[in-house]
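So you can see what is in the structure, the chains are spelled out below.
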Amino acid sequence: MKKIISIILVALMILCFASCGNDTGDGTTESPSESIPASTTVRDDSFVHGDLVLNIGEAISESTLAPLGEPLDKQSAPSCHYDGNDTIYIYDGLVIYTYADGDNEIVYLIEITSDAYTAKNDTKVGMTIDEVKNAFGEPATETTVSLVYNLSDTTAIRFTLADSTITMIEYE
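Residues numbered from 1 in each chain as written. Predicted model: local features only at pLDDT ≥ 70, side-chain atom pairs only at ≥ 80, totals over all residues. Heavy atoms only, no water.

> Just checking my understanding: could you explain unusual backbone geometry for this structure?
The phi angle of most residues is negative, glycine excepted, and most peptide bonds adopt the trans form. Of note in this structure, Asp122 is not a glycine but carries a positive phi near 60°. Structurally, Asp122 is set in the loop between strand S7 (104-112) and helix H2 (129-136). Judged by its relative accessible area of 62%, Asp122 falls in the exposed class. (Helix = DSSP H or I, 4+ residues; strand = E, 2+ residues; numbered from the N terminus. Buried < 20%, exposed > 50% of the residue type's maximum accessible area, 1.4 Å probe, protein only.)

Structural data, given as structure tokens:
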């Protein structure tokens, strides 16, 4: 069920992207520079998985994502918010959203939908609200469907809930 919801959400995002942006008419898309190294700085707001460190707002390349293996899918479409294309890297239980900034791809959203990935403070999909609050304290924002914690001035972590259980974690 979680995978179906994730696939539907990604499909909706692609449909939104398809209605935005400027078509250059030549049908080409430039690839981001492959020389951008993975971030080696683990910050308080970093997503860390094995050798991979991702920070919202930082440039990545496909080689940055190599520790995750080949994505199940990679989708690119004109951006509604930025010049150029947005690219979505889809892995089993993990989706990474980027936008183009010149020749660079900048991470702007990370979605975790599987307990195979651990977020900040060892939190995972499948945990309860109480377990997340024990790990983080009181949230900056709490609704019936989410808990939001500010990790830094530029990054928040959102826990999406269903029946008091975490179903998705987003770094935004």
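What follows picks up the thread again.
> What should I look at first to understand the confidence of the model for the chain in this one?
A low pLDDT score tells you not to read the predicted coordinates there in detail. Per-residue confidence for the chain averages 83 on the pLDDT scale, and 77% of its residues sit at or above 70. Per-element averaging of pLDDT across the chain places helix H1 (residues 2-18) at the bottom with 46 and strand S11 (residues 165-171) at the top with 98. Long-range and interchain partners of residues 5-39, a stretch whose pLDDT sits below 50, account for 46 contacts in this model, where long-range means more than four residues apart. (pLDDT = per-residue confidence, 0-100. Contact = heavy atoms within 4.5 Å.)

> Even after reading the chapter, I still don't get the side chain of Glu111, so can you show me in this structure?
Positionally, Glu111 belongs in strand S7. Within the buried set, Glu111 has no salt-bridge partner at all; the shortest N-O distance to an opposite charge, 9.1 Å, is to Arg158. A distance of 3.2 Å separates the side chain of Glu111 from the side chain of Tyr97, its partner in a polar contact. With residues near it in sequence (within four places) discarded, Glu111 still touches Gly93, Leu94, Val95, Tyr97, Met168, Ile169 and Glu170. (Lys, Arg positive; Asp, Glu negative; His and termini not counted. Salt bridge = Lys/Arg side-chain N within 4 Å of Asp/Glu carboxyl O. Polar contact = N/O pair within 3.5 Å; in protein donor to acceptor, adjacent residues only side chain to side chain.)

> What is the right way to read the packing of aromatic side chains from this model?
How two aromatic rings sit relative to each other is set out by the distance from centre to centre and by the angle between their planes. In this structure the tally under the stated criterion is six aromatic pairs. Ring centres 5.7 Å apart and planes at 65° place the aromatic pair Phe47 and Tyr171 in the edge-to-face group. A residue pair is termed long-range when its members are at least 10 positions apart, and Phe47 in strand S1 (residues 47-49) and Tyr171 in strand S11 qualify at 124 residues. Of the residues examined, Phe47 reaches a relative accessible area of 0% and is grouped as buried. Exposure remark for Tyr171: the relative accessible area of 1% places this residue in the buried category. Aromatic pair Tyr97 and Tyr108: ring centres 6.0 Å apart, planes at 50°, arrangement tilted. Placement of the pair is Tyr97 in strand S6 (residues 94-101) and Tyr108 in strand S7, with a sequence separation of eleven residues. Of the two residues examined, Tyr97 and Tyr108, each falls in the buried class. Members of the aromatic cluster, connected to one another through ring pairs, are Tyr97, Tyr99 and Tyr108. (Phe/Tyr/Trp six-rings, centres within 6.5 Å; stacked < 30°, edge-to-face > 60°.)

> Even after reading the chapter, I still don't get the pattern of salt bridges, so can you show me in this structure?
Pairs may arise between side chains of opposite charge once their charged atoms sit close together. Inspection of every chain in the model, using the stated rule, returns six salt bridges. Lys74 serves as the salt-bridge partner of Glu62, at 2.2 Å between the closest nitrogen and oxygen. Placement of the pair is Glu62 in the loop between strand S3 (59-60) and strand S4 (73-78) and Lys74 in strand S4, with a sequence separation of twelve residues. On the basis of relative accessible area, Glu62 is assigned to the partly exposed category, the value being 36%. As a salt-bridge pair, Arg158 and Glu170 come within 3.9 Å of each other at their nearest N and O atoms. Taken together, the positions of Arg158 in strand S10 (residues 156-162) and Glu170 in strand S11 put the pair twelve residues apart, joining distant regions of the chain. Among the residues examined, Arg158 registers a relative accessible area of 25% and is labelled partly exposed. Taking the relative accessible area as the measure of exposure, Glu170 reaches 10% and is therefore buried. Three or more residues are tied together by salt bridges with common partners; here these are Arg43, Asp45 and Glu58.

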